[in-house]
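Results of the structural survey
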Amino acid sequence: MIRLNNYIIKLLKNKLNRTDIDESKLTLLNKGKFANAYVFRYCQENTDLTIKDFSHCPWPVRITVGIIMAKFECNTLKLLEGMPGVASEAFLLGRYTVAFSYIKGTPLAEIQKKDTKLPKEFFIELEKRIREIHKKNLVHLDLRNLGNIIKGEDETPYIIDFQSSLGTKYLPKKFRKILEDSDISGVYKSWKLICSENLDPEKEKFLENFNKIRKIWIFKGYPLQKAIRRIKRKINKS
């Protein structure tokens, strides 16, 4: 772990061209396993970054999934730059490492555990922001995971973790609609679970209908997970 911390600090010093980078300001937020990133926060004065690093992954994963996912999330956030509710200022910190602005707030998953309710306006704004992302020809595909939606310190919704997202520009309209509906179903799921008001009848009907589709849903979980499992099986056999 010390070696990884030193690696991240070295990347920060080189990329930011600063000599005052302080290792004590680096915090581990999530310890990823196998093909998942270690997630750090670096917070010092006017610098507050989320850092996702894949350098810990086994070599075959690191030079494939690690490189691809770091670059993919960086490019996705750059596409969404300037939109409310999304991290900004994304850049590649290293070959296997992406950094972007840290979002202060609380994941809806934690809010649900505390049995706290949020106002209807929060979910109306969440749906609005998701539809704005769709206008950028992008779907998130993992919004049913309440950990990927944050109530920011400004009381508004933020969307994180775009590593399962997918570009939709060249997809058939009907298929694109299904993928976008998947994102909206995530909004309505969280609305139903932790909103102080009941889900509107038409939205309730939408959610019920989409849950039926999910029984044959081909994108359950991360689209990349099947490929990752195949790589892991090959490594274990070798």
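Let me begin by describing the structure that accompanies this report. For clarity, every value in this text was computed on a predicted model and none was experimentally measured. (Residues numbered from 1 in each chain as written. Predicted model: local features only at pLDDT ≥ 70, side-chain atom pairs only at ≥ 80, totals over all residues. Heavy atoms only, no water.)

1. Focus: unusual backbone geometry
Backbone geometry at N137 places phi at a positive 60 degrees, although glycine is not the residue there. In this structure N137 comes out as partly exposed when scored by relative accessible area, which is 25%. For L141, which is not glycine, the phi dihedral falls at a positive 75 degrees. For L141, the location among the structural elements is in the loop between strand 7 (138-139) and strand 8 (149-152). (Buried < 20%, exposed > 50% of the residue type's maximum accessible area, 1.4 Å probe, protein only. Helix = DSSP H or I, 4+ residues; strand = E, 2+ residues; numbered from the N terminus.)

2. Topic: the side chain of E180
With respect to the secondary-structure elements, E180 resides in helix 5 (residues 173-194). Discounting residues that sit within four places of it in the chain, E180 has contacts with H134 and V139. (Contact = heavy atoms within 4.5 Å.)

3. What about the pattern of salt bridges?
One pass over the full model with this rule turns up 13 salt bridges. With its nearest N and O atoms 3.8 Å apart, the salt bridge here joins D200 to K203. Each member of the pair, D200 together with K203, is buried. Salt bridges linked by common partners bring K52, E73 and D161 together as one network. (Salt bridge = Lys/Arg side-chain N within 4 Å of Asp/Glu carboxyl O.)

4. Some points on the packing of aromatic side chains
The full count for this structure, using the stated rule, is 6 aromatic pairs. Ring centres of F122 and F123 lie 5.2 Å apart, and the angle between their planes is 75 degrees; on these two criteria the pair is classed as edge-to-face. This pair shows no difference in class: F122 is buried, exactly as F123 is. On the basis of an interplanar angle of 75 degrees and a centroid distance of 6.1 Å, the ring pair of Y188 and W191 is categorised as edge-to-face. (Phe/Tyr/Trp six-rings, centres within 6.5 Å; stacked < 30°, edge-to-face > 60°.)

5. Quick word on helix 6 (residues 201-213)
A rise of 1.5 Å per residue sets the reference length of helix 6, with its 13 residues, at 18 Å; its end C-alpha atoms lie 19 Å apart and thus fit the reference within 8%. Looking at helix 6, one finds that the buried residues are K203, E204, L207 and F210. Down the axis of helix 6, the buried set is contained in an arc of 130 degrees. They therefore lie on one face. Opposite the packed face of helix 6, turned more than 90 degrees from it, sit the exposed residues P201, E202 and K212. (Expected span 1.5 Å × (residues − 1). Arc of directions from axis to C-beta.)

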